Amino acid sequence: MEIGVPKETKDQEFRVGLSPGSVRVLCEKGHAVFVETGAGNGSRFLDRDYIQAGGTIVPTAEDAWNRELVVKVKEPLLPEYKFLQKGQVLFTYLHLAADRALTEHLIDCGVTAIAYETVELPDKRLPLLTPMSVIAGRLAVQFGARFLERQQGGRGVLLGGVPGVMPGKVVILGGGAVGTEAAKIAVGMGAQVQILDISVDRLAYLETLFGSRVQLIYSESLHIEAAVRDADLLIGAVLVPGRRAPVLVSRSLVRQMHPGSVIVDVAVDQGGCIETSRPTSHTHPTYVEEDVVHYGVPNMPGAVPWTATQALNNSTLPYVLKLANFGVGALEMDSALAGGLNVANHRLAHPAVREVFPDLAV
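Residues numbered from 1 in each chain as written. Predicted model: local features only at pLDDT ≥ 70, side-chain atom pairs only at ≥ 80, totals over all residues. Heavy atoms only, no water.

(A) The arrangement of the overall build of the protein in detail. Each helix and strand in the protein was counted, giving 13 helices and 15 strands. Scaling as 2.2 N^0.38, a compact globule of 362 residues should have a C-alpha radius of gyration of about 21 Å, and the protein matches this with 21 Å. Along the first, second and third principal axes, the C-alpha atoms of the protein reach 65 × 45 × 40 Å. Burial analysis of the protein (362 residues in total) assigns 56% to the buried set. Residue pairs in contact within the protein that sit at least 24 positions apart in sequence constitute 64% of those at least 6 positions apart. Accessible area of the protein: about 15,100 Å², with a carbon and sulfur share of 53%. Here the protein holds 32 positive side-chain charges and 38 negative ones, and the gap between their average locations is 2 Å. (Helix = DSSP H or I, 4+ residues; strand = E, 2+ residues; numbered from the N terminus. Rg over C-alpha atoms; globule rule 2.2 N^0.38 Å. Buried < 20%, exposed > 50% of the residue type's maximum accessible area, 1.4 Å probe, protein only. Contact = heavy atoms within 4.5 Å. Areas by Shrake-Rupley, 256 points an atom, 1.4 Å probe, with all protein chains shown as cover. Lys, Arg positive; Asp, Glu negative; His and termini not counted. Charge placed at Lys NZ, Arg CZ, Asp CG, Glu CD.)

Take a look at the structure:
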């Protein structure tokens, strides 16, 4: 099969769909991989690395896109819509619940669109979302600590505190992969940490990880309000696969936070779980609303592309191989991969996305 790897076009998105190591594996299996020139530069993978792996470097985005299978990292942006075509398989993060325009175009053009974030194992684990969730969770605290600095517009709090001065308070909404990894970093920095989650079983599991170092609280409105008011750093880590994230923090509650506090809403790529959140970019990552600094970059792992590309490929490569070997027939062979199918034959295929856009599901 011919596989295309275009260069990512999202603002400062330096990850790439396939690493040279993945290209070598695919080429050794008899497939042809066409990589847009410079596609791997941001991850420190040069064109010559892909050539040595057996890939072919092509000069334009169109040359990479005009293939049976296209492997990316982020969703196609408007200038890329013209490359999508009937009979093509697109394998990438899509997050359609927060992007009606892309959803409509994928339906119209007839592409088969498989989303990393909804590939789901029988035990409900999300194997292609988890590696980026781990990175995003760790970065959330790293970025939050930075934007708490007074020069960055924050209230000037050191999360770890110092002897004689209380540490900062980190509140994490959601105890999944993002929330757990955020807590690890926050605890390591010496912050006060609270995690709120609706699953008692998950909270019990988190107790085995953190013991008394983290306050574990059942997530309901009164508890959320009490925790958020005093947070120096609030991290939104809520996920409902395929659906928009529920809004857990209202504008009026944000207004009650300390001026200069920081919100990092990792759920912003699924619409955000905080009412005042909106997507930003690596070039302009923050804005101030209700006197609170908001960070809403939807592709956070793009800040560490050397790590993130390899972590992503470690998980995606087995599925790319199946698609390359068997085409869309791989969906019938692998129920987890079938769960990733979002659009096919001019129709929405994923039930959660159909619930978000019922008028497009007819």
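(B) Broad picture of the pattern of salt bridges. This model, assessed by the stated rule, comprises 19 salt bridges. In this structure, K72 and E8 form a salt bridge, with 2.9 Å as the shortest nitrogen-oxygen distance. Taken as a pair, K72 in the loop between β4 (69-71) and β5 (89-92) and E8 in the loop between β1 (2-5) and α1 (20-28) lie far apart in primary sequence, 64 residues in all. For the pair shown, K72 and E8 are each scored as buried. Here E225 and R229 are joined by a salt bridge, their closest N and O atoms 3.8 Å apart. One end of the pair is E225 and the other is R229, both in helix α8 (residues 221-229) and 4 residues apart, which spans about a single turn. (Salt bridge = Lys/Arg side-chain N within 4 Å of Asp/Glu carboxyl O.)

(C) Spotlight on the pairing of strand β8 (residues 192-197). Extensive coverage of β8 is indicated by the burial of 5 of its 6 residues. Bridge analysis of strand β7 (residues 169-173) against β8 gives 5 bridges, and the strand direction is parallel. Each bridged residue has a counterpart across the sheet, and for L173 the counterpart in β8 is L196. Taken together, β7, helix α6 (residues 177-189) and β8 constitute a β-α-β crossover, and its handedness is right-handed. (Pairing = 2+ DSSP bridges. Right-handed = clockwise from strand over helix to strand, strands pointing away.)

(D) Up close: the sheet that holds strand β13 (residues 292-295). Judged by pairing direction, the sheet is mixed, and its 7 strands sit side by side in the order β9-β8-β7-β10-β11-β13-β12 without closing on themselves. The strands lining the two open edges of the sheet, one partner per strand, are β9 (215-218) and β12 (286-289). Strand after strand, the sheet turns through a mean of 20° between neighbouring axes, direction not considered. Sheet topology places β7 next to strand β10 (residues 233-236); 4 bridges connect them, and they run parallel. Across the sheet, V171 pairs through a bridge with L234, a residue of β10. With respect to the sheet, helix α5 (residues 130-147) is in contact with β10, β11 (262-265), β12 and β13, its orientation differing from that of β10 by roughly 150°. (Axes fitted to C-alpha atoms, helices over the stretch in contact; angles between N-to-C directions.)

(E) The sheet that holds strand β15 (residues 347-348), seen in detail. Strand order across the open sheet formed by 8 strands is β3-β2-β1-β4-β5-β6-β14-β15, with mixed pairing between neighbours. Only two strands of the sheet have a single neighbouring strand rather than two, namely β3 (56-58) and β15. Across 2 bridges, the pairing between β1 and β4 is parallel. Within β4, the residue paired with I3 across the bridge is L69.

(F) Quick look at the side chain of K10. With respect to the element layout, K10 can be found in the loop between β1 and α1. The residues contacting K10, other than those within four sequence positions of it, are K74, E75, L77, P298 and N299.

(G) Summary view of the packing of α6 against helix α7 (residues 200-210). With their axes 12 Å apart at the nearest point, α6 and α7 run at an angle of 30° to one another. Here α6 is positioned roughly parallel relative to α7, judged by the angle of their axes. At the point where α6 passes α7, the crossing takes the right-handed sense. For the pair formed by α6 and α7, the contact residues are A177, T180, A183, K184 and V187 on the first element and R202, L206, L209 and F210 on the second. Class assignment of the residues belonging to the contact of α6 with α7 gives a composition of 6 nonpolar, 1 polar and 2 charged. (Parallel < 35°, antiparallel > 145°, perpendicular 65-115°, else oblique. Left-handed = near helix turned anticlockwise from the far one by under 90°. Nonpolar A, V, L, I, M, F, W, Y, C, P; charged D, E, K, R; others polar.)

(H) Summary view of the pairing of strand β14 (residues 341-344). Pairing of strand β6 (residues 112-115) with β14 involves 2 bridges; the strand directions are antiparallel. By the bridge assignment, I114 is partnered in β14 with L341. In terms of strand pairing, β14 meets β15 through 2 bridges, oriented antiparallel. Paired with V343 across the strands is L348, a residue of β15. Following β14, the chain reverses through 2 residues before pairing antiparallel with β15; N345 in that reversal takes a positive phi of roughly 55°.

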